[in-house]
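Each chain is listed here by its residues.
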Amino acid sequence: MSLHNHALYQVATKALIFNDTKLLVLRTPDGYVDFPGGRVDETERAIPWTDALLREVAEELGTDIKIEINQTLFVSKRQYQKEGHVNYIAAIFFASRYVSGDITLSDEHGSFEWMTVEELLNGNHQFVSDDERAQLHNYVAQNNI
């Protein structure tokens, strides 16, 4: 059986960064809800997931930002098209806490805001991935957040 008959997933790490009761919400240039993080590079195979996440956070939010990464919360699915192929990503979400620093966005995101999870989930916000919205909703419901 060919590899093309299987759905191969790339792995990404994502941070749900809380500052007290507010969650850092990024917006893609076209307005979709996203969270800091991204794909694990091939050179990062031997390092902890959290180290790859810290690299991504620094790339997307600037090197001034400091966060504390805590437990794994959930895994979600994303997909995107590139050069006529659908690519699949399994995104591992980590609970994180804002420690200090100013946010300086990369060109991957157009804006950011701090929102309560309730504001985010109850508002009319389009997520990059419907599965991420569902996983976040399930996590909040199961943990009474």
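Preceding block: the structure.
This is a predicted model, so every value here is computed, not measured.

Draft legend 1. The arrangement of the overall build of the protein in detail. Broken down by element type, the protein carries three helices and seven strands. Taken from the N to the C terminus, the helices and strands of the protein come in the order β-β-β-β-α-β-β-β-α-α. Taking 2.2 N^0.38 as the reference for a compact globule, 145 residues should give roughly 15 Å; the C-alpha atoms of the protein span a radius of gyration of 15 Å, in line with that estimate. C-alpha atoms of the protein, sized along the principal axes, occupy 50 × 30 × 30 Å. The buried share of the protein, taken over its 145 residues, is 39%. Taking the contacts inside the protein whose residues are at least 6 apart along the sequence as the reference set, 66% of them involve residues at least 24 apart. Computed over 12 positive and 22 negative side-chain charges, the separation of the two mean positions in the protein equals 3 Å.

Draft legend 2. Expanded view of the pattern of salt bridges. On inspection of all chains with the given rule, the structure shows ten salt bridges. For R55, the salt bridge is made with E44, and the minimal N-O distance between the two is 2.4 Å. Here E44 lies in the loop between β4 (37-39) and α1 (49-61) and R55 lies in helix α1, a separation of eleven residues in the sequence. Residue E132 pairs with R78 through a salt bridge whose shortest N-O separation is 2.3 Å. Of the two residues, E132 is situated in helix α3 (residues 130-143) and R78 in strand β5 (residues 66-82); the sequence distance between them amounts to 54 residues. Here E132 matches R78 in class, with each residue buried.

Draft legend 3. Layout of the packing of aromatic side chains. In total, this model carries six aromatic pairs according to the counting rule given. Ring geometry for F35 against F127: centres 6.2 Å apart, planes inclined by 55 degrees, an arrangement best described as tilted. With F35 in the loop between β3 (33-34) and β4 and F127 in the loop between α2 (117-122) and α3, the pair connects residues that are 92 residues apart, well separated along the chain. Here F35 matches F127 in class, with each residue buried.

Draft legend 4. Seen up close, the nonpolar core. Grouped together as the largest cluster of nonpolar side chains are 20 residues, with contacts concentrated most on L16, F35, L120 and L136. The set of elements that each furnish at least two residues to this core consists of β1 (9-19), β2 (22-27), β5, β6 (85-100), α2 and α3. Of the residues forming this core, the biggest block, four residues, is contributed by β6. With sequence-adjacent residues up to four places away left out, L136 is seen in contact with L16, F35, F74, L120, L121 and F127. If you look at the next biggest cluster of nonpolar residues, it comprises 13 residues, including A15, I17, L61 and F94.

Draft legend 5. Fine view of the environment of L73. If you trace the backbone, L73 turns up in strand β5. What makes L73 buried here is its relative accessible area of 14%. Between the alpha carbons of L73 and T43 there is a distance of 25 Å; along the sequence they are 30 residues apart. Excluding residues that lie within four positions of it along the chain, L73 makes contacts with L16, F93, F94, A95 and Y139.

The rules behind these values
For every chain, the first residue of the written sequence is number 1, and numbering continues from 1 onward in sequence order. For this predicted model, a pLDDT threshold of at least 70 governs which residues receive local features, and a threshold of 80 or more governs which side-chain atom pairs are given and counted, while totals over whole chains, interfaces and linings are taken from all residues. As a rule here, side-chain values come from all non-hydrogen atoms in the structure, and water together with hydrogens is ignored. Think of it this way: any DSSP run of H or I at least four residues long counts as a helix, any run of E at least two long counts as a strand, and we number them from the N terminus. Just to be clear, the radius of gyration here is over C-alpha atoms, and the globule rule we use is 2.2 Å times residues to the power 0.38. Burial classification: accessible surface area is computed with a 1.4 Å probe over protein chains only, and a residue below 20% of its type maximum counts as buried, one above 50% as exposed, and the rest as partly exposed. Every residue pair with non-hydrogen atoms within 4.5 Å of one another is taken to be in contact. Charge counting treats Lys and Arg as positive and Asp and Glu as negative, with His and both chain ends excluded. Just so you know, the charge point we use is NZ for Lys, CZ for Arg, CG for Asp and CD for Glu. The term salt bridge refers to a pairing of a side-chain nitrogen on Lys or Arg with a carboxyl oxygen on Asp or Glu at a separation within 4 Å. Between rings of Phe, Tyr and Trp, where Trp is taken as its six-membered ring, a pair exists when centres lie within 6.5 Å; planes separated by under 30 degrees are stacked, by over 60 edge-to-face, and by other angles tilted. We define a nonpolar core as any set of buried Ala, Val, Leu, Ile, Met, Phe, Trp, Tyr and Cys residues linked to one another through side-chain atoms lying within 4.5 Å.

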